[in-house]
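What follows is each chain in one-letter form.
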Amino acid sequence: MSAPTLYHSPATTVTGAATRPDAFGNAVVLRCRACAAEQQLGPYYACMECFGPLEVAYDFPAITREQIASGPPNIWRYRDLLPVRPDIAGIPNTEPGYTRLLKADNLARELGLKSLWVKDDSGNPTHSFKDRVVAVALAAARELGLTVLACPSTGNLANATAAAAARAGIRSVVLIPEDLERAKIVNTAVYGGTLIAVKGTYDDVNKLASEIAGEEAGWAFVNVNVRPYYSEGSKTLGYEIAEQLGWRLPEQIVIPVASGSQLTKVDKGFTELGSLGLVEPTAYRVFGAQAAGCAPVAAAFRDGHDVVRPVKPDTIAKSLAIGNPADGPYVLDTCRRTGGTVEQVSDDEIRAAILLLARTEGIFTETAGGTTIATLKKLVETGQLDPDADTVAINTGDGLKTLDAVGDRVGPTVTIGASYAEFTAAGLA
Ligand SMILES: *Cc1c(COP(=O)(O)O)cnc(C)c1O
Ligand SMILES: [Zn+2]
């Protein structure tokens, strides 16, 4: 693997330091996840010492449940736990989050689980969990004086980035693999930014984006050079689940894995709530879900490896089709440390699970959610998941964006002429 681009060229050090002392709230430093070396808060993502990934570190004051509960019904209620200024809720951005946590009794019964919830992040502004991470990245970009919001994307991030930039009144530049689902292309293009279709896989697109990020001053690639801030947005999924369960942690959680950022940050969110005394720090097990056509982390887990060997994706779960996941090793750490696993499911199992969730709970998920629900089912069937423990599965996206996944499996029950005689003849009354 080649070393990531560092921010050393004159062009990219024009900006870099925030102008306000409280620009990042209670965040104090960027810390390397590999060697713990520290770096000032800025548009940096790779450690100067070892090229390891940087993560935002905080010095939290005492924070109460009441303080959080009195905030707005979106992710900014957790602003004191995010790298954003205290008055963030008043600044044009998107207002993602506080999506519904549904008790999924029908699905639980069908799978043989005692208590199951679905965290339904299809309810976000652009219908996936990506609005959370983009909102925090946009806030950081502003404070750092970066004026273009950009990303390489498997689809949902493209939607969220283009929409957030439109609302913020700044330019967006979005790079996607050219073979994306039509719905994800249209859902990006409507917002009016620059949309670049690249002939290659997501991993090719990502590499190109890193090169551009190293050259273009003033560009915030949400999941590249401002990735430490971006990934903090995923913590809010963990915060919300705990708050919506009545300020407690679930015992098991199933999370889809693309780059692995979301899974590791939900875990970070749970840990922070425990150490801040906002919940009892009870034990929980984290399970990762991948599609068999792109399952480098599941394969490493199965084989007991610490390194993740890149693969070339071939799956209908395009939003999870990252063959070389940046946070793969940290997903392995998290799942092993908490007593969970990383599993993989076939495209057919994904299609069946989309229909299962729709039929039992009235939730139409995209292929990533199909991957998660199919994995949940497999974990129960193989005895990896305790059927008596409180379990949460995250639905990260909306089925309207991946209609083709199930479009040839469902349709009208029957087609009839507009007469009562034909209706009765069809025998459906
Ligand atoms: C991006 C994405 C994920 C996974 O995100 P990572 O943080 O990269 O692992 C899961 N589900 C959907 C729908 C996504 O768009
Ligand atoms: Zn380091």
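Calculation criteria
- Residues numbered from 1 in each chain as written.
- Chains lettered and ligands numbered in written order.
- Predicted model: local features only at pLDDT ≥ 70, side-chain atom pairs only at ≥ 80, totals over all residues.
- Heavy atoms only, no water.
- Near = heavy atom within 4 Å.
- Polar contact = N/O pair within 3.5 Å; in protein donor to acceptor, adjacent residues only side chain to side chain.
- Areas by Shrake-Rupley, 256 points an atom, 1.4 Å probe, with all protein chains shown as cover.
- Nonpolar A, V, L, I, M, F, W, Y, C, P; charged D, E, K, R; others polar.
- Phe/Tyr/Trp six-rings, centres within 6.5 Å; stacked < 30°, edge-to-face > 60°.
- Lys NZ or Arg CZ within 6 Å of the ring centre and 35° of its normal.
- pLDDT = per-residue confidence, 0-100.
- Contact = heavy atoms within 4.5 Å.
- 1 Å grid on protein atoms, 1.4 Å probe; cavity = no way out; pocket = protein on both sides within 12 Å on 5 of 7 lines; lining within 4 Å.
- Points joined across faces, edges and corners; volume = space filled by probe spheres on them.
- Helix = DSSP H or I, 4+ residues; strand = E, 2+ residues; numbered from the N terminus.

## Brief notes about the site of ligand 1
So, step 1. Taken together, 15 residues form the shell around ligand 1, and within it Lys130, Ser259, Gly260, Gln262 and Thr396 come nearest.
So, step 2. A distance of 2.9 Å is found between an oxygen atom of ligand 1 and a side-chain nitrogen or oxygen belonging to Asn156.
So, step 3. At 2.8 Å, a backbone N or O of Gly260 approaches an oxygen atom of ligand 1.
So, step 4. When the free accessible area of ligand 1 is taken as 380 Å², the share hidden by the protein chains comes to 98%.
So, step 5. Here the residues of the shell around ligand 1 sort into 6 nonpolar, 7 polar and 2 charged.

## Concerning the packing of aromatic side chains
So, step 1. Tallied over the full model, the rule gives 6 aromatic pairs.
So, step 2. Looking at Arg77, its charged tip hangs above the ring of Tyr98, at a distance of 4.2 Å from the centre.
So, step 3. Directly above the aromatic system of Trp117 lies the positively charged group of Lys103, at a separation of 5.3 Å from the ring centroid.

## A closer look at the confidence of the model for the protein chain
So, step 1. On average, the protein chain scores 94 in pLDDT, and the residues at 70 or more come to 96%.
So, step 2. Within the model, pLDDT remains below 50 along residues 1–14, and this stretch shows 25 contacts once partners closer than five positions in the same chain are excluded.

## Focus on the layout of surface pockets
So, step 1. Taken as a whole, the second largest pocket spans an internal volume of roughly 400 Å³.
So, step 2. Along its surface, the second largest pocket is lined by 18 residues, and Arg33, Glu55, Val56, Lys265 and Lys268 are the ones closest to its centre.
So, step 3. The set of elements that each furnish at least two residues to the lining of the second largest pocket consists of strand 1 (27–32), strand 3 (54–58), helix 9 (261–275) and helix 11 (328–338).
So, step 4. Of all the elements, helix 9 adds the most residues to the lining of the second largest pocket, at 6 residues.
So, step 5. Residue composition of the lining of the second largest pocket, grouped by class: 6 nonpolar, 3 polar and 9 charged.

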